[in-house]
Amino acid sequence: MVSSPYPSAVHTLDAASDSPGQARRFVRSVLTDWQIEAAEDTLVLLVSELATNVVLHARTGYDVVLEQRGDVVRLTVRDDSAAGPVRRRTGLRSATGRGLALVQSMSSEWGRTDDCHLAGWAKGIWVEVPTSADDQVAGDEGEMYGADWLALLES
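Residues numbered from 1 in each chain as written. Predicted model: local features only at pLDDT ≥ 70, side-chain atom pairs only at ≥ 80, totals over all residues. Heavy atoms only, no water.

### Some details on the packing of aromatic side chains
Inspection of every chain in the model, using the stated rule, returns 0 aromatic pairs. Note that Arg74 overlies the ring of Trp126, its terminal NZ or CZ placed 3.8 Å from the centroid. (Phe/Tyr/Trp six-rings, centres within 6.5 Å; stacked < 30°, edge-to-face > 60°. Lys NZ or Arg CZ within 6 Å of the ring centre and 35° of its normal.)

As structure tokens, then:
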């Protein structure tokens, strides 16, 4: 496996119903160690979404990878399914199907990578989130970050 020039952390999980909670705790722990609290709520919410998608749709084990890349943190969730994410049209009363909209609106960048075969996985979905709270402000395209989404969910 090619080593990264960035500080990184990896946690491997099974496709079990409690693994998204384990993924959230892992992300919180790493970001606390790296002293990057500004991005914590956003990345915890995003890893929850991506890990839950793996458990529900890919149904394989998966890796959660965090990389500190200067002024952003890259979160990648790698699984063993070749199937990519599908953006669904949902109604107001739909209980599911908003995951990719959430990923797109909460990250500064996101995408799919198929180069994780070196690590033994079929694909990865990655997101980048700014490490500074000043950079986590809703922009012209309506980005929302962790605290904004959490407040919306609580109302």
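### Notes on the nonpolar core
Counting 31 residues, the largest nonpolar core has Val27, Leu43, Leu46, Tyr62, Val64, Leu75 and Val77 as the members making the most contacts within it. Contributing elements (two or more residues each) for this core: β1 (8–13), α1 (19–33), α2 (40–58), β2 (62–69), β3 (72–79), α3 (99–106) and β5 (123–130). Here this core takes 10 residues from α2, the largest share from any one element. Not counting residues up to four positions away in its chain, the partners in contact with Val77 are Val47, Leu50, Val54, Tyr62, Asp63, Val64, Lys123, Gly124 and Ile125. (Core = buried A, V, L, I, M, F, W, Y, C linked by side-chain atoms within 4.5 Å. Buried < 20%, exposed > 50% of the residue type's maximum accessible area, 1.4 Å probe, protein only. Helix = DSSP H or I, 4+ residues; strand = E, 2+ residues; numbered from the N terminus. Contact = heavy atoms within 4.5 Å.)

### So, the pairing of β3
Most of β3 sits inside the fold, with 8 of its 8 residues counted as buried. Burial along β3 is two-sided: Val72, Arg74, Thr76 and Arg78 facing one way and Val73, Leu75, Val77 and Asp79 facing the other are all buried. One ladder, built from 8 bridges, connects β2 with β3; its direction is antiparallel. Following the sheet pairing, Asp63 is matched in β3 by Arg78. (Pairing = 2+ DSSP bridges.)

### Side note on the sheet that holds β5
With antiparallel pairing, 5 strands are arranged side by side in an open sheet as β1-β2-β3-β5-β4. Two strands bound the open sheet, and with one partner strand each, they are β1 and β4 (109–113). Shown here is a sheet whose adjacent strand axes are inclined to one another by a mean of 15°, direction ignored. Sitting on the sheet, α2 touches β2, β3 and β5, and the angle it makes with β3 is about 10°. (Axes fitted to C-alpha atoms, helices over the stretch in contact; angles between N-to-C directions.)

### Points about unusual backbone geometry
Trans is the common state for peptide bonds, and a negative phi is the common state for residues other than glycine. Even without glycine at this site, Gln35 takes up a positive phi of about 60°. Considering the arrangement of structural elements, one finds Gln35 in the loop between α1 and α2. Unlike most non-glycine residues, Arg59 shows phi in positive territory, near 55°. When you line up the elements, Arg59 lands in the loop between α2 and β2. We classify Arg59 as exposed; its relative accessible area is 66%.

### Brief notes about the pattern of salt bridges
For the structure shown, the criterion picks out 8 salt bridges. Close ionic contact of Arg28 with Asp41 constitutes a salt bridge, the shortest N to O distance being 4.0 Å. Of the two residues, Arg28 sits in helix α1 while Asp41 sits in helix α2, which places them 13 residues apart along the sequence. Note that Arg69 and Glu128 form a salt bridge whose closest N and O atoms lie 4.0 Å from each other. Remark: Glu128 occurs in strand β5 and Arg69 occurs in strand β2; sequence separation between them is 59 residues. Since its relative accessible area comes to 24%, Arg69 is described here as partly exposed. We classify Glu128 as buried; its relative accessible area is 12%. Residues participating in the shared-partner salt-bridge network are Glu67, Arg69, Arg74 and Glu128. (Salt bridge = Lys/Arg side-chain N within 4 Å of Asp/Glu carboxyl O.)

### What about the packing of α1 against α2?
One can describe the packing of α1 onto α2 by two numbers: an axis separation of 8 Å at closest approach and a directional angle of 150°. It follows that α1 is roughly antiparallel to α2 by the angle criterion. The hand of the α1/α2 crossing is right-handed. Packed against α1, whose contacting residues are Ser19, Pro20, Ala23, Arg24, Val27, Arg28, Leu31 and Thr32, the element α2 presents Glu40, Asp41, Leu43, Val44, Val47, Ser48, Ala51, Thr52 and Val55 at the interface. (Parallel < 35°, antiparallel > 145°, perpendicular 65-115°, else oblique. Left-handed = near helix turned anticlockwise from the far one by under 90°.)

All we've got here are geometric facts, nothing functional implied.
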